Amino acid sequence: MRVTHAPGKYADSEGLRERAVALRRAPTEQAKPAARKRWEHELAVRGEERQRTKAVAAGGIGTTTDRELFMTGGALRRAEGAEDKPYARRENVQFVNSDPNVVRISLAWLDVLGVDRERLRYRVVIRVTADVEGAENRWADLAGIGISQLRQTTIKEHNPRTIRRNAGENHRGCLVISVLRGAGSYRRVEGRWSGTVVAAEQRTP
């Protein structure tokens, strides 16, 4: 049997298919803003929870004794400072860090140690692509000194093959804090550190 089709039937079918495709796509396109809004809300909730957790933890510290600060600073110096070796005598106290809060604790620790601020020397280490002048001002401000009290800044060459996120205005470099005539302070700190290690090993869980 020969089948014939009414005129315009194929055209109508094509139109129906196009409308069906459009209907399937429409919810997807409409869902994107909604999904983005839900994700933004989720990020906000997570951010608030993160801040609450940090605030509770911070509140649990209370006041800090000189002994606690001394031990904290000693651990930081051990992690960040140059160590004395039998083949390379380095009996000096020095901090190098890019975290302003670590620098604040380090300065407070030196006060507890009895180191006069006049014995401290400061130097900025920073990449050439950063805002050098801005970084110098920020570090001097944090240390409570005049910009003229900073020693000559060490400029590090930039490797163009390295992709860095903390660049430009956001890059503050590191602050180096050195103690003049620090051999005696270094020996006392090392002695206290050795004692701390022994006490940690001998403690009763």
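Residues numbered from 1 in each chain as written. Predicted model: local features only at pLDDT ≥ 70, side-chain atom pairs only at ≥ 80, totals over all residues. Heavy atoms only, no water.

**Focus on the side chain of arginine 119**
Residue placement: arginine 119 occurs in the loop between helix 3 (100-113) and strand 2 (120-127). Although arginine 119 is buried, it makes no salt bridge; aspartate 116 carries the closest opposite charge, 7.5 Å away. One polar contact links the side chain of arginine 119 to the main-chain carbonyl oxygen of arginine 181, over a distance of 2.8 Å. Non-local contacts of arginine 119, meaning those with residues more than four positions away in its chain, are made with Ser178, Val179, Leu180, Arg181, Gly182 and Ser185. (Helix = DSSP H or I, 4+ residues; strand = E, 2+ residues; numbered from the N terminus. Buried < 20%, exposed > 50% of the residue type's maximum accessible area, 1.4 Å probe, protein only. Lys, Arg positive; Asp, Glu negative; His and termini not counted. Salt bridge = Lys/Arg side-chain N within 4 Å of Asp/Glu carboxyl O. Polar contact = N/O pair within 3.5 Å; in protein donor to acceptor, adjacent residues only side chain to side chain. Contact = heavy atoms within 4.5 Å.)

**A short note on the sheet that holds strand 1 (residues 94-97)**
Ordered by their spatial adjacency, four strands build an open sheet running 1-4-2-3, and the pairing between neighbours is mixed. Both outer strands of the open sheet, strand 1 and strand 3 (154-156), are each paired with one neighbouring strand and no more. Going from strand to strand, the sheet's axes swing by 15° on average, the running direction of each strand aside. In this fold helix 4 (residues 132-143) packs onto strand 1, strand 2, strand 3 and strand 4 (174-179), with an angle of close to 150° to the strand it touches most, strand 2. (Pairing = 2+ DSSP bridges. Axes fitted to C-alpha atoms, helices over the stretch in contact; angles between N-to-C directions.)

**Observations concerning the packing of helix 3 against helix 4**
At a closest axis distance of 10 Å, the pairing of helix 3 and helix 4 adopts a crossing angle of 35°. In this structure, helix 3 crosses over helix 4, and the sense of that crossing is right-handed. Listed contacts from helix 4 to Pro100, Val103, Arg104 and Leu107 of helix 3 are Trp139, Leu142 and Ala143. Its residues placed into classes, the contact of helix 3 with helix 4 shows six nonpolar, no polar and one charged. (Left-handed = near helix turned anticlockwise from the far one by under 90°. Nonpolar A, V, L, I, M, F, W, Y, C, P; charged D, E, K, R; others polar.)

**Here's the deal with the pattern of salt bridges**
Under the definition given, this model contains four salt bridges. Among the salt bridges present, the one from glutamate 190 reaches arginine 77, with a minimum N-O distance of 3.2 Å. Residue glutamate 190 is found in helix 5 (residues 183-202), and its partner arginine 77 is found in helix 2 (residues 66-80); the two are separated by 113 residues along the sequence. Using a relative accessible area of 19% as the deciding quantity, one classes glutamate 190 as buried.

**Details of the confidence of the model for the chain**
The predicted model of the chain averages 80 in pLDDT, with 73% of residues at 70 or higher. Low pLDDT, under 50, characterises residues 1-6; the predicted model gives this stretch one contact beyond four residues in sequence or across chains. (pLDDT = per-residue confidence, 0-100.)

**Some points on the pairing of strand 2**
Two faces make up the sheet, and in a regular strand the side chains alternate between them. The buried count for strand 2 comes to six of eight residues, which makes it a mostly enclosed element. Where strand 2 lies against strand 3, three bridges are found, and the strand directions are parallel. Note that in strand 3 the partner of valine 125 across the bridge is threonine 154.

**Examining the layout of surface pockets**
By volume, the largest pocket is sized at about 160 Å³. Lining the largest pocket we find Asp66, Arg67, Phe70, Met71, Val112, Arg192, Thr196, Ala199 and Ala200. Put simply, the parts of the chain that give the lining of the largest pocket at least two residues each are helix 2 and helix 5. (1 Å grid on protein atoms, 1.4 Å probe; cavity = no way out; pocket = protein on both sides within 12 Å on 5 of 7 lines; lining within 4 Å. Points joined across faces, edges and corners; volume = space filled by probe spheres on them.)

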